[in-house]
Structures are given as structure tokens and as C-alpha cells.
Amino acid sequence: MTTQTTAATKHDFRLGFEEPTEEIEVADLPVEGELPGWLAGSLVRVTPAKFEVGGKQLAHWFDGQAMLHAFSVGEGRVSYANRWLRTKQLESIERDGKLAYTEFATDPCRSIFKRMSLMFNPRAALTDNGVVNVVKLGDEHLALTETPLPVQFDPDTLATVGRADWAEDIPGLLTTAHPHGNGGELVNYAAHIGPVSRYRFFTMPPGGRPRKAAEMKVREPAYVHSFGLTERFFILGEFPYVVDPLDVAKTMGRKPFMEHFRWEPDRGTRFHLFDRGTGELVRSFDAPAGFCFHHVNAYEDGSEVIVDACVYDDPSVIQQLYLKRILAGERGGPPPTLRRYRLDLETGSSSDEQLTEIPFELPVIDYGRRNTRPYRYTYGVSGSYEDDWFNVLAKVDVNDGSYDLWSEAGCYPSEPVFVRDPGSDEEDGGVALSVVLDTHSGRSFMLVLDARTWQEIARAEAPQHVPFGFHGQFFR
């Protein structure tokens, strides 16, 4: 067991894009405030943490190599540990000093023979860098990215177990790191890209194999980062950021996959509803053009299907997240807005509205009790999007658009993970956990907010910084 100390130095948000010094384990972090007695388990986050390979900077934030971080809570105490996710990609970097597989926006140099072979086996080009999210499937804990190559890890030690053996049966070349499920069966989406491309939904039972649940042919598939779910429907938001499969076949292995996508706003956005029981396409709806990473929630209200999502005017956010632009302090672009779409099954009409005035991203709800059902609160990040990184935690009331904010000078929070108080029936009865980078100390701390009041009740400081990441889960 090692403990590292960091001198108090003035930093800025770019510290969140630097590799941590080492893997460490600390049994007792200093805690300010008082942790709820009922709070027991581990907040596990996966973050990009290695941004240079072979002396060269990776292209994009999403390309950073995955590191697991755990803040474990019990009996008023907090421990911390971090470990690299031991992927085949990381093994190649350590062995050969270069990438072996294609990342989101960084592609390895390949021979002509290797590029030709990828035309016949495109999966061989894909990374297993599970840098986006962590989920539980039965007894398995998985680190996910947007390729069909989940990596299993031990939630107690953070040791990598290996690639899930059922991954080869995922029915597509691209999938999401946002499956629906709460420890039992998972529901996810995958895109098959080829001469005849298809959108597909599939289910994954614990201990079983993926099973296709619905599909739809498509000429030019859209980029899909997440999707909606109600009690009756799979909801595919088809935003007009699309790829030509022929272009993929011609240039596979010569450029990163995301460089194949192009923005075509004249297509508008389409929402496709599939029956979860039969797999049939029930109806499609037109909506204004936009771009979305994250759905918030969806549910049925009479003849209407309600879909809430964080939506940008266009996909320029992807360009804003290239590391050269981030480290040069170049910000700007359209902010994410919390939008509600109403899809009327009887008339085929749709409408949309903005739910709150503040920028809003990385949304979280009381998933176990509110997913697929009417809800009132969502929790996420906000801030001065034009000239800074996200530096505010926000709680939004979707009924009236009101919000509560938490911020602290020089601090940059991660997605707030909601943990329900098992003794409370209130929707916001619980806490929100966020890993916050403190640029004054150069360290990160786990912040505990009372979800009702949105006020701090405790924090536990780690001995080093945790790089900025996307998502995490609380495993009880």
C-alpha cells in the first residue's frame, strides 16, 4: 500500500487531461462532514488516463486509455484505489509503444496488407479500450466503450478479468456504452455496417448470449451514443450525423472511424419506436435536426411517448473535444440543452421544447425506480460552457425547469451519480456522488451532496488527481 502526496500548486482544468502518477491504494481518506450511515458500497468510475503513446499525443479525449477508480464507502470511512484496465490495446502500447487498434479518433499506422485484411474482418480493427462506462450484468462487472468488446473486471480489486466471452455474438460493429438494465438482463443497441446496414436492439441475460430483439434496415447509419426505453418501446433517436458504409469499406484502416461521419441537417432527426415484445417498427417521427450523446429518460403518457435528452444544435462538440483544442483553451460551440420530445402515436405528430435554461449534460436519474416511468428530477453537470470546462453540478426539476446548483472556485465535478436512501420513498431521497478535481490542491475528492437540498454533506480527498471521465456506477 502506498500513499502519495501532492504539493499545493495552482493548476487549471487541463490537469484533468494528465496521466495520474501511479496506481495506489489508500485505506482511509480524510473525510470532512458526515457520511450517511446507510451509504455502503463503491463508486466506480472509468476515465481516460493515458493521453500519449510512443511520445505522440492521442487525437481525442475519447481516445485516452482506460483507468478504473473506486471510492469505497462503509461505516463512515472512505478508501480509494485506481488501476489500469488491462486491455489488449494497453498491452500493445506497453509492448510495442504504439496503438494496435482503432480508437474513436486515432488510428494506428498499418501496412497495405493489414488494411486490406480489415475489409474482410473489420472487428479486428476495433479497440477494447472500455473507457466510457461501467455496468453490472449478473455477477459480471464490465467496462464498456462503443465497440462490441466489453472487458470484465473485479469490483473489489479493480483487477482486469478479461474480455467477455459472449462479446463475439453482439450483432453489430458499433454498440453503445449505455445499455439499459439494473444488474439483471441488459438491453442494448448495435449497428451492423455493411452492404445492407441495420440498426439492431438486443438483450443480454446474465450467463447467456446476446439475443436480437428488433432490427431495421438503413442505408447510411447514424451515430448512436445512447437510446430511450419505455415499458413497451425501444426508442432509437436517429440524429443526422451519418456514415456511408461504402466509404468505410474503402478506407478501413486508413482513418479513424469517426472521420467517416458527416453532418446532414437537411435530413432532420427521426425517432423510431420498436415494440419490445414483437420487435416490429411501430412508428417513426420527424423532429428538428440536432445531435445527442445522452438520453435522460422516456415514458408513455396516454397516446404520447415522452423522450428527454441532452441535445446540441450540431455535432461540433466532437471537434471541440480534440485534445489539441482542449489544451489550447479553445472552447465554444453550441451548449447542450435539456429537451423534451412528445411523440403522438395516434396522429404521428411530434413537438419539442427546452426544459430548463441552463446548459445540461451527463444526466442521471433515480434509475431503479424512475427509468421508463414519469419522473421529476435529473442530475447532471453545467457551467460556463463558452470559456471553461463544466464546473457546476445541477439538479433540474423537469416539471417546471427550476434548478439547484453546486459549485466551488477552481473545482470541476464529474457526473453526479444518484444513490437512493433505501429508507426513503421520495424521488430525491438519497445522495449524489461526484468526483471533483480541485485545481488548487492538484487532487480530486469525492463529493457527497444531499439530493433533496443539493447541499454538501461530506467530502473525501484522494492523494492524487482523477482525470476527467464520462460515467460511473455505485455498486452496493
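Use the structure listed above.
The rules behind the values
- Residues numbered from 1 in each chain as written.
- Predicted model: local features only at pLDDT ≥ 70, side-chain atom pairs only at ≥ 80, totals over all residues.
- Heavy atoms only, no water.
- Helix = DSSP H or I, 4+ residues; strand = E, 2+ residues; numbered from the N terminus.
- Rg over C-alpha atoms; globule rule 2.2 N^0.38 Å.
- Contact = heavy atoms within 4.5 Å.
- Areas by Shrake-Rupley, 256 points an atom, 1.4 Å probe, with all protein chains shown as cover.
- Lys, Arg positive; Asp, Glu negative; His and termini not counted.
- Charge placed at Lys NZ, Arg CZ, Asp CG, Glu CD.
- Pairing = 2+ DSSP bridges.
- Buried < 20%, exposed > 50% of the residue type's maximum accessible area, 1.4 Å probe, protein only.
- Polar contact = N/O pair within 3.5 Å; in protein donor to acceptor, adjacent residues only side chain to side chain.
- Core = buried A, V, L, I, M, F, W, Y, C linked by side-chain atoms within 4.5 Å.
- Axes fitted to C-alpha atoms, helices over the stretch in contact; angles between N-to-C directions.
- Salt bridge = Lys/Arg side-chain N within 4 Å of Asp/Glu carboxyl O.

Enquirer: Which parts of the structure should I look at to understand the overall build of the protein?
Expert: Across its full length, the protein carries six helices and 35 strands. Radius of gyration (C-alpha) of the protein: 21 Å, near the 23 Å computed for a compact globule of 476 residues. With the C-alpha coordinates aligned to their principal axes, the bounding extent of the protein is approximately 55 × 55 × 45 Å. In the protein, once contacts between residues fewer than 6 apart in sequence are set aside, the share between residues at least 24 apart is 60%. Accessible area for the protein stands at about 18,800 Å²; split by element, carbon and sulfur atoms hold 46% of it. Of note, the protein has its 49 positive side-chain charges centred 7 Å away from the centre of its 70 negative side-chain charges.

Enquirer: Mind showing me how you'd approach the sheet that holds strand 13 (residues 186-192) here?
Expert: Sheets are built from strands paired through backbone hydrogen bonds, the pairs being either parallel or antiparallel. A sheet is described by the order of its strands in space; here four strands give the open sequence 12-13-14-15, paired in antiparallel fashion. Among the strands making up the open sheet, the edge pair consists of strand 12 (174-175) and strand 15 (211-218). Pairing analysis gives seven bridges linking strand 14 (residues 197-204) to strand 15, with the strands arranged antiparallel. From the neighbouring strand, Phe202 faces strand 15, where its bridge partner is Lys212.

Enquirer: Before we go on, may I ask you to explain the environment of Gly194 in this structure?
Expert: If you trace the backbone, Gly194 turns up in the loop between strand 13 and strand 14. Along the chain, Gly194 and Gly268 lie 74 residues apart, while their C-alpha atoms are 23 Å from each other.

Enquirer: How do you make sense of the side chain of Arg45 when you look at a structure like this?
Expert: You can see Arg45 is positioned in strand 3 (residues 41-50). Here Arg45 falls in the buried class, since its relative accessible area comes to 3%. Side chain to side chain, Arg45 and Glu415 meet in a polar contact 3.3 Å long.

Enquirer: Looking at this model, I keep getting lost on the nonpolar core. Mind explaining?
Expert: When a protein is soluble and globular, its nonpolar side chains tend to lie buried together. In terms of nonpolar packing, the biggest core is built from 81 residues, with Trp61 and Trp389 touching the most fellow members. For this core, the element with the most residues is strand 13, which contributes five residues. Among residues more than four places away in sequence, those in contact with Trp389 are Phe13, Phe17, Trp61, Leu321, Ile326, Arg331, Tyr412 and Phe468.

Enquirer: Just to check I follow, could you spell out the pairing of strand 13 for this structure?
Expert: A regular strand carries its side chains on alternate faces of the sheet. Within strand 13, six of the seven residues are buried, which leaves the element mostly enclosed by the surrounding structure. Bridging between strand 12 and strand 13 involves two bridges; their strand directions are antiparallel. Of the residues in strand 13, the one forming a bridge with Thr175 is Ala190. As consecutive antiparallel partners, strand 13 and strand 14 are separated by four residues.

Enquirer: Looking at this model, I keep getting lost on the sheet that holds strand 23 (residues 304-312). Mind explaining?
Expert: Strand order in the open sheet made by the four strands is 22-23-24-25, with antiparallel pairing throughout. Of all the strands in the sheet, the pair left with one neighbour each is strand 22 (291-301) and strand 25 (350-354). Strand-to-strand twist across the sheet, computed as the mean angle between neighbouring axes with direction ignored, equals 20°. Alignment of strand 23 against strand 24 (residues 337-344), held across eight bridges, turns out to be antiparallel. The partner of Cys310 across the bridge, within strand 24, is Leu338.

Enquirer: Would you mind showing me how to read the side chain of Ser92 here?
Expert: The residue Ser92 is located in helix 1 (residues 88-96) in this model. When its relative accessible area of 2% is taken as the criterion, Ser92 is described as buried. If sequence neighbours within four positions are ignored, Ser92 has contacts with Gly97, Lys98, Leu99 and Ala100.

Enquirer: It is not clear to me how the pattern of salt bridges should be interpreted in this structure. Could you clarify?
Expert: Two side chains that carry opposite charge are able to pair once their charged atoms sit near each other. What the rule picks out here adds up to 32 salt bridges. The residue Asp96 makes a salt bridge to Arg95 at a minimum N-O spacing of 3.2 Å. Judged by its relative accessible area of 41%, Asp96 is partly exposed. The class of Arg95 is exposed, set by a relative accessible area of 57%. A salt bridge links Asp128 to Arg163; the nearest nitrogen and oxygen atoms lie 3.2 Å apart.

Coordinates in, geometry out; function isn't part of it.
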